[in-house]
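Residues per chain, in single letters:
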Amino acid sequence: MTITLTPYWSAIDGAQKLKLESQPKPLPEKGLLPPAFSPALHLQRALLQLRSKLSDIEKNIFLSQLKDADVHTFYKLCLEHMSEITPLIYTPTVGDACLQYSSNFRRPEGLFISINDKGNIRNILRNWPYPDEARISVVTDGSRILGLGDLGVNGMPIAIGKLSLYVAGAGIRPSSTLPITLDFGTNNQAFRDDPLYLGLRQKRASEAEYDEFMEEFMTEITRAFPKLLVQFEDFSTDHAFAFLSRFRGRFPLFNDDIQGTGAVVLAGLLSAARLSPLKPRDHRILFYGAGSAGVGVATQLLSFFTLNGMSEEEARNRIWLVDSKGLIYTGRENVADHKRPFARNDYAGPPVKDLLQIIRYVKPTALMGLSTIKGAFTEAVIRRMASQTPRPIIFPLSNPVHLSECTFSESLCASGGSVLFASGSPFPMENFGGRKWEAGQGNNMYIFPGLGLGSILCRASSVTDSMVEAAAIGLANSLSQDEHALELIYPRIERIREISAYIAVRVIRAAQAANVDSATNLRKLTDEQLLEFVQNKMWNP
């Protein structure tokens, strides 16, 4: 007997499969499973299989296949082993998953829309099999993936991974997520020469083509999916700022690299400042790295000072930026437009590039790393920071791990244990000075699930700065008493659903205050009732 299977890329098959994800699993007919099968043992079996893999990329592939085969077991595994699974489905392992995407490709997940589809984007979007369920889309053009550069369509795992975290971290239904990769070509010659590369084998489109395409794309995606929130991810710096500025007032969207990173670092700084003996107005913040993430974080950290009663001008005077050409100041040539708001007008000397020299001049109390330069925070740099302030705040935020400006161990040893540390990638616990130390991880996963959930539930017409700030304050205020006692900068990731629900409430209240909420019936709820409403809306596997 010959059995004909529907092709795995069939839109009908995909629609049926994804609708089942959102429904309780019925008990199988007797005989279709072995007699000793149980869901609890099956979860343990999946965990043992995962741990048997020898490398993180093998574990990433296994989890991808598990999600495809059994979405309920995949997300149960995520929820019960969050700290173990998160680094495998997102940073740092997602970097390798992107680099090897075309080689390891098994089946499509999400939409691919290329520059050649310009003029036909509406019809491409219509191929998505369940438009009525779409609520959140992560959109990337693959031009600046983590610290790895232009990866073209190989950036798709970024969108897939982020949306898996929306499901695990905020209870968004799997069938409500839509990963999209925009293929404008790639300037990565190695990929264009790779016979297995899945994207267009051409250099990136011109600025004019980019602009026309994005205008059509944003117009058509909101028509096709009227309840959709869009998250821009890993666009090149210039495009990240330009598209955020251009579209944020017209469509519900935000840029995670600019706003999400800014919010999670603001939350970390608020937490660290509570552990510092200095008053807020006494802090001075130095950024090493001034790309879209660096400038986005610097912009968000203005709130650290304004929340404490300072003017925006006073706040800006407490922030310094350093890029590949050194300290950014008004007299320096060729300062990019997005960096100019932070160009110093109180420095008139020659260009200065040496970080240690800049630290001696600025005397920062907080050092933020967004440079993707491994080891940039040397022992001498950390020692200098510790000599200038009693509790130096050092956040090496570059991803993945091999691009981090310093390690947790290096910061502890060089500072003598006085450092207040948070990184972009995870670091293990350290034994130092007779005690165990737990590294904070400034993972955007703390912010974007709750920000997205709140925006979706209140049907926000736009994502305002006040909503992003509310998410940051919500995260900073979500640490438990035990976490405060341990001097943690961020809460433990195992509590992510509780944290996301709390953040979502704060985001909804900020949207209501800004009059951008369409679900105005939520306004009459108390905070306790609103929290219960949010929690009841969260999908569970």
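Residues take numbers from 1 onward in each chain, read along the sequence in its written order. The model is predicted, so local features are restricted to residues of pLDDT at least 70 and side-chain atom pairs to those at 80 or more, both for listing and for counting; the totals for chains, interfaces and linings are taken over all residues. For side-chain calculations, the full set of non-hydrogen atoms in the structure is used, while hydrogens and water are omitted.

Going by what an unreviewed UniProt entry lists, the protein is known as Malic enzyme and is assigned to Paxillus rubicundulus Ve08.2h10.

S.K.: How should unusual backbone geometry be read in this particular structure?
M.R.: In this model, Thr91 is joined to Pro92 through a cis peptide bond whose omega is 5°. Inspection of the secondary structure assignment puts Pro92 in the loop between α5 (82-89) and α6 (93-99). Look at Thr372: it is not a glycine, yet its phi comes out positive at around 55°. By the criteria applied, helices consist of DSSP H or I runs no shorter than four residues and strands consist of E runs no shorter than two, each listed in order from the N terminus. Inspection of the secondary structure assignment puts Thr372 in the loop between β9 (366-369) and α17 (379-388).

S.K.: What exactly am I supposed to notice about the nonpolar core here?
M.R.: In a soluble, globular protein the nonpolar side chains are often hidden away together inside. Counting residues in hydrophobic clusters, the biggest one holds 115 residues, and the most contacted among them are Phe287, Leu301, Ile319, Met368 and Phe395. Other than its neighbours up to four places away in sequence, Ile319 contacts Ile285, Phe287, Ala298, Leu301, Leu302, Phe305, Phe342 and Arg344. Within the second largest apolar cluster, 34 residues are counted, among which are Ile124, Tyr130, Leu200 and Ala240. Within this scheme, the nonpolar core is defined by two criteria: the residues are buried Ala, Val, Leu, Ile, Met, Phe, Trp, Tyr or Cys, and they are joined through side-chain atoms within 4.5 Å. We call a residue buried when its accessible area falls under 20% of the maximum for its residue type, exposed when it is over 50%, and partly exposed in between, using a 1.4 Å probe and counting protein chains only. Contacts are assigned to residue pairs with any non-hydrogen atoms lying within 4.5 Å of each other.

S.K.: Which parts of the structure should I look at to understand the UniProt feature "domain: Malic enzyme N-terminal" (unreviewed entry) in the protein?
M.R.: Those places that UniProt annotates as "domain: Malic enzyme N-terminal" (unreviewed entry) correspond, in this numbering, to residues 67-248. For the annotated span residues 67-248, helix accounts for 48% and strand for 12% of the residues, and the straight-line distance between the end C-alpha atoms is 32 Å. UniProt positions are given in the numbering used here, feature names are shortened, and annotations may be inferred rather than shown by experiment.

S.K.: Just to check I follow, could you spell out helix α12 (residues 237-247) for this structure?
M.R.: Structural remark: α-helix, 3.6 residues per turn; residues separated by three or four positions point the same way. If you check which residues of α12 are buried, you get Thr237, His239, Ala240, Phe243, Leu244 and Phe247. Projected down its long axis, α12 shows its buried positions confined to an angular sector of 170°, all on one face. Away from its buried face by more than 90 degrees, α12 exposes Asp238 and Ser245. Where α12 is buried, its residues touch α11 (207-224), β4 (229-233), β5 (253-255), α13 (256-275) and α14 (292-306). What the arc describes is the spread of directions from the helix axis to the C-beta atoms.

S.K.: Would you mind going over the environment of Gln529 with me for this structure?
M.R.: For Gln529, the position within the fold is in helix α23 (residues 527-537). A residue is classified by how much of its surface remains accessible, and Gln529, at 40% relative accessible area, is partly exposed. Considered as a pair, Gln529 and Val505 are 24 residues apart in the sequence and their alpha carbons are 9.9 Å apart. Polar side-chain contacts of Gln529 include one of 2.9 Å to the backbone nitrogen of Thr526. Any pair of N or O atoms that falls within 3.5 Å is considered a polar contact. Within protein, one atom must be able to donate a hydrogen and the other to accept it, and sequence-neighbouring residues count only if both atoms are side-chain atoms.

S.K.: Can you walk me through the sheet that holds strand β7 (residues 319-323) in this structure?
M.R.: Backbone hydrogen bonds hold the strands of a sheet together, and the pairing may be parallel or antiparallel. Strand order in the open sheet made by the 7 strands is β8-β7-β6-β9-β10-β11-β14, with mixed pairing throughout. Bordering the open sheet on either side are β8 (326-327) and β14 (440-441), each of which pairs with just one other strand. Whether two strands pair depends on DSSP finding at least two bridges between them. Sheet analysis places strand β11 (residues 420-423) next to β14, joined by 2 bridges and oriented parallel. Bridge pairing in β14 places Ser423 opposite Gln441.

S.K.: Would you mind showing me how to read the pattern of salt bridges here?
M.R.: Any Lys or Arg side-chain nitrogen located within 4 Å of an Asp or Glu carboxyl oxygen qualifies as a salt bridge. The full count for this structure, using the stated rule, is 29 salt bridges. Note that Arg332 is salt-bridged to Asp323, the shortest N-O span being 2.8 Å. Taking the relative accessible area as the measure of exposure, Arg332 reaches 8% and is therefore buried. One salt-bridge network, in which partners are shared between bridges, spans Asp211, Glu215, Arg246 and Arg250.

S.K.: In this structure, what is going on with the UniProt feature "active site" (unreviewed entry) in the protein? I would like to understand it.
M.R.: Mapped onto the present numbering, the UniProt feature "active site" (unreviewed entry) falls on Tyr90 and Lys162. A compact arrangement is adopted by the annotated residues: their sequence extent is 73 residues, whereas the largest C-alpha distance between any two is 7.1 Å. By the secondary structure assignment, Tyr90 is in the loop between α5 and α6. Each residue touching Tyr90, except ones within four places of it in the same chain, is listed here: Ile158, Gly161, Lys162, Leu165 and Glu233. Mapping Lys162 onto the fold places it in helix α9 (residues 156-170). If near-sequence neighbours (up to four positions away) are discounted, Lys162 is found in contact with Tyr90, Val138, Gln231, Glu233, Asp256, Asn444 and Phe448.

S.K.: Which parts of the structure should I look at to understand the packing of α17 against helix α18 (residues 408-415)?
M.R.: Helix-helix packing is characterised by the crossing angle of the two axes and by the distance between the axes. To get an axis, a line is fitted to the C-alpha atoms, and for a helix only the part in contact is used. The angle between two axes follows their N-to-C directions and goes from 0 to 180 degrees. One can describe the packing of α17 onto α18 by two numbers: an axis separation of 8 Å at closest approach and a directional angle of 50°. Comparing the axis directions of α17 and α18 gives the class oblique. As α17 runs across α18, the sense of the crossing is right-handed. Together, Glu379, Ile382, Arg383 and Ala386 of α17 and Glu410, Ser411, Ala414 and Ser415 of α18 make up the contact between the two elements. Oblique is the label for every angle not falling under 35 degrees (roughly parallel), over 145 degrees (roughly antiparallel), or within 65 to 115 degrees (roughly perpendicular). Helix crossings are classified by the rotation of the near helix relative to the far one: an anticlockwise turn of less than a right angle makes the crossing left-handed, while a clockwise turn makes it right-handed.

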